[in-house]
There are 4 protein chains.
Amino acid sequence: MARKAGRHFLQIPGPSAVPDRILHAIARQTIDHRGPDFAAVGQTALEGMKTIFKTEAGHVFIYPASGTGAWEAALVNTVKEGDRVLMYETGHFATLWNKMASKLGVEAEFIEGDWRGGADPDAIEARLRADTNHEIKAVCVVHNETSTGSVSPIAQVRAAIDAAKHPALLMVDSISGLASVDFRFDEWGVDVCVSGSQKGLMLPPGISFNAVSDKAMAVARTGGMRRSYWDWNDMVGPNATGYFPYTPGTNMLYGLNEAIAMLHEEGLDAVFARHARHGAATRAAVRGWGLEVLCAQQGQESGVLTAVLMPEGHSADGFRKTVLEQSDISLGNGLSKVADKVFRIGHLGDFNDAMLLATLTGVERGLTRAGVPHQKGGLDAAIEVLDTVDASALKAAE
Amino acid sequence: MARKAGRHFLQIPGPSAVPDRILHAIARQTIDHRGPDFAAVGQTALEGMKTIFKTEAGHVFIYPASGTGAWEAALVNTVKEGDRVLMYETGHFATLWNKMASKLGVEAEFIEGDWRGGADPDAIEARLRADTNHEIKAVCVVHNETSTGSVSPIAQVRAAIDAAKHPALLMVDSISGLASVDFRFDEWGVDVCVSGSQKGLMLPPGISFNAVSDKAMAVARTGGMRRSYWDWNDMVGPNATGYFPYTPGTNMLYGLNEAIAMLHEEGLDAVFARHARHGAATRAAVRGWGLEVLCAQQGQESGVLTAVLMPEGHSADGFRKTVLEQSDISLGNGLSKVADKVFRIGHLGDFNDAMLLATLTGVERGLTRAGVPHQKGGLDAAIEVLDTVDASALKAAE
Amino acid sequence: MARKAGRHFLQIPGPSAVPDRILHAIARQTIDHRGPDFAAVGQTALEGMKTIFKTEAGHVFIYPASGTGAWEAALVNTVKEGDRVLMYETGHFATLWNKMASKLGVEAEFIEGDWRGGADPDAIEARLRADTNHEIKAVCVVHNETSTGSVSPIAQVRAAIDAAKHPALLMVDSISGLASVDFRFDEWGVDVCVSGSQKGLMLPPGISFNAVSDKAMAVARTGGMRRSYWDWNDMVGPNATGYFPYTPGTNMLYGLNEAIAMLHEEGLDAVFARHARHGAATRAAVRGWGLEVLCAQQGQESGVLTAVLMPEGHSADGFRKTVLEQSDISLGNGLSKVADKVFRIGHLGDFNDAMLLATLTGVERGLTRAGVPHQKGGLDAAIEVLDTVDASALKAAE
Amino acid sequence: MARKAGRHFLQIPGPSAVPDRILHAIARQTIDHRGPDFAAVGQTALEGMKTIFKTEAGHVFIYPASGTGAWEAALVNTVKEGDRVLMYETGHFATLWNKMASKLGVEAEFIEGDWRGGADPDAIEARLRADTNHEIKAVCVVHNETSTGSVSPIAQVRAAIDAAKHPALLMVDSISGLASVDFRFDEWGVDVCVSGSQKGLMLPPGISFNAVSDKAMAVARTGGMRRSYWDWNDMVGPNATGYFPYTPGTNMLYGLNEAIAMLHEEGLDAVFARHARHGAATRAAVRGWGLEVLCAQQGQESGVLTAVLMPEGHSADGFRKTVLEQSDISLGNGLSKVADKVFRIGHLGDFNDAMLLATLTGVERGLTRAGVPHQKGGLDAAIEVLDTVDASALKAAE
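Residues numbered from 1 in each chain as written. Chains lettered and ligands numbered in written order. Predicted model: local features only at pLDDT ≥ 70, side-chain atom pairs only at ≥ 80, totals over all residues.

Going by an unreviewed UniProt entry, chain A carries the name Soluble hydrogenase 42 kDa subunit and comes from Thalassobacter stenotrophicus. Database annotation for chain A, UniProt heading Cofactor (unreviewed entry): "pyridoxal 5'-phosphate". (UniProt positions renumbered as here; feature names shortened; annotations may be inferred.)

This next bit is on the domain arrangement of chain A. All names here are of chain A. Entries for chain A in the domain assignment read domain 1 (9-15 + 267-393) and domain 2 (20-264). Of note, the centres of domain 1 and domain 2, computed from C-alpha atoms alone, are 27 Å apart. If you look at the interface, domain 1 gives 28 residues, while domain 2 gives 27 residues. Looking at the side of domain 1 that touches domain 2, the elements that each hand over two or more residues are α10 (268-288) and β12 (305-309). Considering every element that reaches the side of domain 1 that touches domain 2, the biggest residue donor is α10, with four residues. Partitioning the side of domain 1 that touches domain 2 into residue classes produces 14 nonpolar, 10 polar and four charged. (Domains from an automatic or database assignment. Contact = placed C-beta atoms within 7 Å. Helix = DSSP H or I, 4+ residues; strand = E, 2+ residues; numbered from the N terminus. Nonpolar A, V, L, I, M, F, W, Y, C, P; charged D, E, K, R; others polar.)

Before going further, it helps to spend a moment on the relation of the copies chain A and chain D. By a simple turn and slide, chain A fits onto chain D: the slide is 0.0 Å along the axis, the RMSD is 0.0 Å, and the turn is 180°. The symmetry that links the two subunits is that of a two-fold axis. Rotation axis and chain A: the residue whose C-alpha lies nearest the axis is His24 of chain A, separated from it by 3.2 Å. Same-surface contact between copies: 100% of interface residues of chain A are shared with the interface of chain D. (Least-squares fit on C-alpha atoms with pLDDT ≥ 70 in both.)

Bringing the relation of the copies chain B and chain A into the picture now. Least-squares fitting of chain B to chain A yields an RMSD of 0.0 Å, with the superposition described by an axial translation of 0.0 Å and a rotation of 180°. By residue overlap, the copies meet face to face through one surface: 100% of the interface positions of chain B are interface positions in chain A.

Attention shifts here to the UniProt feature "modified residue: N6-(pyridoxal phosphate)lysine" (unreviewed entry) in chain A. All names here are of chain A. UniProt annotation of "modified residue: N6-(pyridoxal phosphate)lysine" (unreviewed entry) refers to Lys199 when read in the numbering used here. As for its placement among the helices and strands, Lys199 is situated in the loop between β9 (192-196) and β10 (207-212). Dropping the residues within four chain positions of it, Lys199 is found in contact with Gly14, Ser16, Ile175, Ser176, Ser180, Leu348 and Gly349.

Further remarks concern the nonpolar core. Ranked by internal contacts, the top residues of the largest apolar core, which has 561 residues, are Val139 of chain A, Val139 of chain B, Val139 of chain C together with Val139 of chain D. Apart from residues no more than four positions distant in its own chain, Val139 of chain D is found in contact with Leu86, Ile124, Val157, Ile161, Ala168, Leu170 and Met171 of chain D. (Core = buried A, V, L, I, M, F, W, Y, C linked by C-beta atoms within 7 Å. Buried ≥ 20, exposed ≤ 12 C-beta atoms within 10 Å, placed from the backbone.)

A few words on the interface of chain B and chain A. Many structure descriptions define interface size as the accessible area lost when the parts assemble. At the junction of the two partners, chain B supplies 43 residues and chain A supplies 43 residues. If you list the elements that add at least two residues to the side of chain B that touches chain A, you get α1 (20-26), α3 (67-76), α4 (92-103), α9 (250-266) and β13 (329-333) of chain B. The greatest single-element share of the side of chain B that touches chain A, amounting to four residues, is contributed by α3 of chain B. Tallied by class, residues from the side of chain B that touches chain A come to 19 nonpolar, 18 polar and six charged.

Below, the structure written as structure tokens:
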């Protein structure tokens with residue numbers, strides 16, 4: 001096959017394109033993870049991740065595993081077979097986590113959702129109030145649902161649990177939200193947060209995270225399932241001096257430390273504002289084309305990705321293939337319930353205006369070639385948002 | 001701290017120093033692990049690993065996890081809580097695997113060993129013959145014991161199981177043996193082999209492997225423990241086309257494919273001969289210094305590493321510190337039972353004569369500085385082995 | 001200063017953005033340029049460059065120097081102080097080459113041009129016919145004038161020389177044309193071609209080239225100026241076996257060999273067609289905005305870059321600054337005569353549709369912010385060209 | 001050809017093995033060398049090189065060229081055709097520089113030397129005293145003669161010129177000395193120093209340097225030969241703000257800035273002490289083997305390399321081939337007068353004890369295999385030097 005010139009645009013909602021600084025960091029020579037030089041690598045990573053999770057009180061655990069492993073870790077450290085957990089169907093990834101819980105033997109209740117918004121705190125509160133025996137051991141919510149582009153209001157979920165005076169742990173999947181959308185572990189009273197490397201952290205996949213409250217640590221001390229690889233209890237000791245109970249993903253940790261530094265160089269608030277602004281511009285484009293954004297809850301639209309509903313009778317996957325061939329841009333596919341009905345535009349990670357405009361122009365071109373009915377004007381609408389938000393931001397900075 | 005000039009010598013028995021070709025491969029841009037270009041990456045890795053395990057009939061599974069995870073995967077797919085497995089105490093890593101099995105609820109019998117040789121097939125056969133009810137579901141043996149530098153005779157263990165007419169699975173940890181010491185999955189009748197990336201495969205840590213026989217797959221289909229991340233059954237389908245059920249370690253797979261290519265460019269037999277030759281030279285050095293090699297079983301000494309007993313009254317860890325400071329060479333430490341009594345010289349991975357001689361010269365210098373009683377002559381003995389073996393190899397090649 | 005997220009768009013007409021494959025090649029360990037392994041590196045580069053220059057009969061010389069050095073090499077090997085050469089003022093770089101010739105003591109005649117097209121073969125022929133004594137030793141023409149975006153018709157210049165029956169050498173600067181715009185050393189009867197690394201060859205700057213005909217070699221054997229570093233005669237011998245008379249830029253040669261491979265993987269004709277198509281789309285955008293392309297000669301517009309005239313009273317450099325700040329896109333500046341009156345859009349090297357559309361969108365946004373009077377519609381016009389050319393190309397391929 | 005495992009030992013006296021930090025720096029994306037971000041790159045390099053040359057008053061010029069180009073630059077900026085310069089035959093590179101001067105039309109006097117020591121200040125003084133008309137415009141001396149491993153006493157050469165009350169410029173080639181052997185541009189009264197990247201600066205070849213005194217700048221302002229690429233006068237203006245008159249080797253400058261940082265992290269004095277110590281150990285080894293060091297002037301032996309005389313009747317090149325094949329160690333060859341009679345051991349750049357001992361062990365092994373008569377004991381003698389010097393250094397540091 002002939003070589004394709006130019007840079008591929010990886011506009012799926014993760015993995016996001018890895019910046020050169022991180023690729024170079026990962027390419028540094030591996031060192032002895034038991035040797036004296038490793039301590040600084042480990043401590044920088046563990047302490048640095050606390051600043052990303054915004055926790056001082058919590059513990060951070062880093063697994064050589066992808067996000068699915070960190071999901072499992074969250075469950076097996078806190079609940080046991082037969083325990084009940086309450087989950088909320090925000091979309092495909094909430095469903096996968098729910099299935100995993102069931103597969104592990106947990107009674108995993110699932111509050112149905114329509115995949116068009118974040119978790120509903122009222123529904124959670126109602127269910128918890130009804131659980132007078134406190135059989136529910138944990139409430140599990142996806143922060144940024146990667147399959148739909150909706151963000152759950154985590155602080156309100158916490159408020160709902162508190163209002164119901166329910167002792168359940170609050171466990172949050174922020175695999176695709178962390179470091180792109182604001183997340184506040186301590187302030188929001190999260191007990192376990194699950195995250196991964198290949199989204200806002202701008203790394204390749206391969207390491208994943210649990211942030212854990214003291215309350216959850218106490219549960220894990222005596223509870224949870226039989227476990228070994230995922231056991232928090234084994235991590236605490238070695239982590240205290242920057243080491244790990246078994247071989248860590250050393251080179252990924254090099255990259256992680258670079259990523260944390262880069263995020264702070266830009267400033268976390270600037271990172272979140274950038275993602276929000278790109279999300280707003282993308283939604284303006286979608287609406288300018290006369291298409292529909294999957295997330296229907298105002299205020300819950302994600303800055304990480306935008307899922308777009310295809311007009312009836314048009315294949316989202318066919319469209320994605322067109323865009324890939326025509327413009328060398330990868331878009332995300334619709335998953336399970338919305339397979340072939342939705343395509344997803346990732347605008348996360350190491351990203352800027354020009355990359356977004358390239359992406360949206362590629363989408364607009366693809367709509368034409370694929371014969372998808374749409375209006376012109378999406379791109380102009382996006383630019384208007386970028387210019388407006390930009391201008392006001394400049395004003396604010398004066 | 002002032003910069004130290006020159007290249008560090010990472011002469012621990014893994015991670016081994018990663019060659020530049022592999023570091024560059026890992027630094028390639030991450031792609032969509034659901035996209036069309038990924039299939040070739042996944043298939044090359046999965047098929048390539050079969051040639052490394054020397055299996056045609058078996059399945060290979062690749063985990064984004066370090067070797068400890070692949071240990072867990074081998075157990076949870078094949079045995080359940082309360083099942084009995086027979087393990088052999090070759091050293092520290094056999095012990096850790098044994099403890100993991102117990103922690104997971106398995107009745108993990110442990111045949112005691114003196115840490116100075118590989119597993120004893122006779123002892124295994126005797127125990128299996130006594131197990132007339134076939135309560136033992138698996139025999140678990142470490143191929144190359146990283147803590148001692150001894151190699152277990154896997155083919156004879158297989159023969160022992162067969163001689164006992166016992167249906168137990170044969171599960172082998174070749175985390176540090178694979179791609180350094182000959183391993184033949186099909187020919188030796190192994191059912192599950194566990195391996196990792198950061199030893200003979202010359203990669204950083206972060207991915208690990210199970211090779212699995214049809215017999216073990218059949219067990220896993222209905223048996224094993226509740227599991228999710230490690231479940232072979234979920235892997236089979238996506239793997240068939242080069243994909244994975246959850247996010248794989250894409251960049252590590254780039255590196256793996258480069259590693260497999262490099263191993264075949266050198267030739268697996270040449271790789272094994274090189275390791276064996278460096279092991280022989282190292283043992284000659286140790287004996288030349290008047291010191292003792294930990295492995296006391298002739299024919300079971302490892303080509304991957306050589307563990308050396310310190311003379312009574314001398315601290316191995318103090319000695320290692322001396323060598324690190326004096327020569328910027330990292331040696332492996334003694335683990336648990338042999339802590340501070342043993343140091344380990346890694347001679348595995350991307351390694352050659354000059355690197356070995358640098359290492360042995362550094363050790364000899366360190367013995368002097370640390371005041372460890374020894375004779376001169378170790379280095380000369382090593383060189384003599386290198387030259388002799390080299391010469392005969394040249395002769396053989398004529 | 002806060003970190004800027006995302007990838008910078010280096011849309012100047014060179015250096016062009018270097019693809020990762022080439023950056024990785026350059027980062028390989030340096031080897032002994034006198035050792036046995038080097039020969040293959042040198043020969044691959046020297047032979048490979050012949051395929052890029054499209055010469056079988058010619059010699060290729062590679063200098064560790066930037067393009068300015070290769071200009072000097074072309075002159076000092078062929079003409080001596082007081083010799084007359086005929087040059088053509090296509091723009092800034094032709095002017096710089098002319099100044100260099102004068103500085104070196106050459107009588108460097110300069111046919112005036114308006115910077116809005118390539119060299120005029122008729123004017124050259126007329127001047128040569130008038131040179132009945134054959135005082136003119138060489139005709140020097142810039143193939144792709146980087147300051148204006150015009151391409152000189154080299155084959156016609158050759159025809160003009162032949163028509164005038166003039167023995168002057170034909171020396172061509174294709175620093176920014178080679179590997180982007182078709183160039184045929186042998187077929188077009190070029191005697192010396194000068195080129196560089198950081199344009200169509202997609203490398204960083206640092207090495208440069210002369211391709212030399214036998215006729216020019218014969219001149220150099222006894223003629224030219226006193227010289228050492230640039231002397232072709234010293235190169236021939238070592239080059240024959242892949243070596244160089246003095247230390248070459250080894251790591252840049254690694255990159256060069258990768259670049260040559262990439263160009264052939266895409267296919268040189270495909271590379272030229274891609275550049276031509278992107279040039280056509282860019283000009284359509286410029287005209288769609290109601291702006292003027294600097295190159296006024298139809299058929300001589302470059303596929304490498306497009307220079308755009310700013311409306312009277314607007315600063316091109318102010319506009320470029322706006323685009324850089326607003327969209328992190330670097331555009332090229334106007335040089336000398338057209339300083340601040342022109343900006344240049346580079347669309348060369350490792351480049352694709354999405355990158356072009358990002359660039360043009362960034363320009364359109366910048367025109368608005370900078371208050372430059374323009375019409376909407378530039379981007380749409382560009383897309384139409386891309387789609388049309390694309391469609392017909394697809395048709396042709398059927 | 002089968003892949004060779006392990007790291008190649010590039011023990012020639014340059015290029016020296018490039019450390020990973022520098023390779024990674026070179027692999028960073030190229031930027032616009034006329035754009036705003038470049039100024040910091042250029043200024044850091046230009047200012048940083050002043051600290052390496054140890055000059056505050058002098059100018060530093062950086063050429064995209066290898067060291068041979070910087071030689072030419074030194075000459076063409078300061079002397080013209082027919083001018084007389086006085087050079088000293090320290091070895092092959094002094095001879096090459098001498099030939100270059102002649103080739104450029106300079107009357108290049110050459111004080112004969114025996115290639116076994118540095119330049120003789122007395123001979124220089126005597127010649128200058130005889131030059132009562134001050135026809136000699138420059139005294140040209142090689143600081144560290146790469147072909148022989150001898151260091152010229154530059155301060156004494158300066159003293160000799162002063163003693164003769166002669167106005168000639170002092171021009172020094174420290175291509176292989178700079179950043180390995182102490183060099184003090186201002187203190188020693190050097191007028192022009194020529195250097196390169198691929199030795200003590202640990203970079204690949206491709207950029208080179210002139211450091212220039214005000215006195216030499218004044219000469220260049222009106223004197224020197226016709227020149228363009230090498231002209232200091234054109235450099236001064238752009239350099240003042242971090243830019244260059246023509247395209248610089250941007251990626252090499254990235255590497256240079258990393259190299260300068262690394263040298264200062266180690267400390268220049270520590271760098272010089274390290275080279276001196278490795279030189280002393282190497283000479284001890286050579287003498288321990290009963291072989292002869294080419295440099296016969298005590299106190300002038302180089303810390304960069306050691307040239308070793310082969311016993312009569314033995315081919316140095318055959319021996320080097322043996323070492324390369326046997327131990328994958330590249331040694332330097334004997335050049336011109338000492339071709340095949342001498343081999344050279346490079347111990348420069350990013351280098352440490354273990355690498356030296358690997359090299360010396362490889363040499364000792366090679367002597368045996370090649371049948372070169374020698375005594376055992378070289379390696380032990382080297383270790384004794386390392387331990388002694390090391391111990392005293394430790395003492396001094398207390």
